[in-house]
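Structure at a glance
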Amino acid sequence: MAQDANGLRQFADRCDAEVKRKRADQRALHERLGARMQTAVRGQIRGKINDAHGHVAGWQTKYIGTGGGYAAVRAAGTDSGPDSLNAITNYLENGHTIRRPGGRSPRYRPRIHVLYVSGRGFYNAARPSLPRMLQSEVDNWGREVAGRLGGR
């Protein structure tokens, strides 16, 4: 009987330790998930636009929330404005209008007749793979916790 109570107390102590580790485990899970998301977005960029030197793909970085509660991939730039990394990434993702020629002569006929460039949607193309990525990371985490608690 005392042996059962001692084993139960040890199990309760391991459970308490797991509760205390939750924040660190959450951050580690989101770090791994962010790296996988970044790889997916960069792969979509390579497939959808001509980024031979990897500039646009290199701008995409992972961000982890300050509390470790979320992961995101976005352009690395902190500046704003029409020529910032964030704006260029947004133009490529969602599309943009084309500036009409100034044509001062009344007889001038512009060669460009397209008014809007469609977006490439590399973020949207990577989005369907996120649930699968998250599920595999949560499964791995569950196996780690079970191993620490003395499970299989």
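Residues numbered from 1 in each chain as written. Predicted model: local features only at pLDDT ≥ 70, side-chain atom pairs only at ≥ 80, totals over all residues. Heavy atoms only, no water.

On to the side chain of Asp25, then. Relative to the helices and strands, Asp25 is located in helix α1 (residues 2-48). On the basis of relative accessible area, Asp25 is assigned to the buried category, the value being 7%. Once you skip the residues sitting within four places of it in the chain, Asp25 turns out to touch Glu18, Trp141, Val145 and Arg148. (Helix = DSSP H or I, 4+ residues; strand = E, 2+ residues; numbered from the N terminus. Buried < 20%, exposed > 50% of the residue type's maximum accessible area, 1.4 Å probe, protein only. Contact = heavy atoms within 4.5 Å.)

For the rest of this paragraph, the subject is the pattern of salt bridges. Per the stated rule, a full pass over the model turns up 6 salt bridges. Where Arg148 meets Glu18, a salt bridge forms, and the shortest distance between an N and an O atom there is 2.7 Å. With Arg148 in helix α5 (residues 130-149) and Glu18 in helix α1, the pair connects residues that are 130 residues apart, well separated along the chain. Note on Arg148: relative accessible area 27%, which makes it partly exposed. In this structure, Asp25 engages Arg21 in a salt bridge whose closest nitrogen and oxygen atoms are separated by 3.4 Å. Taken together, the residues span about one helical turn, with Asp25 and Arg21 both in helix α1 at a distance of 4 residues. Residue Arg21 is classed as partly exposed on the basis of its relative accessible area of 38%. It is possible to trace a salt-bridge network through shared partners that takes in Glu18, Arg21, Asp25 and Arg148. (Salt bridge = Lys/Arg side-chain N within 4 Å of Asp/Glu carboxyl O.)

The quantities given are spatial measurements derived from coordinates; they are silent on function.
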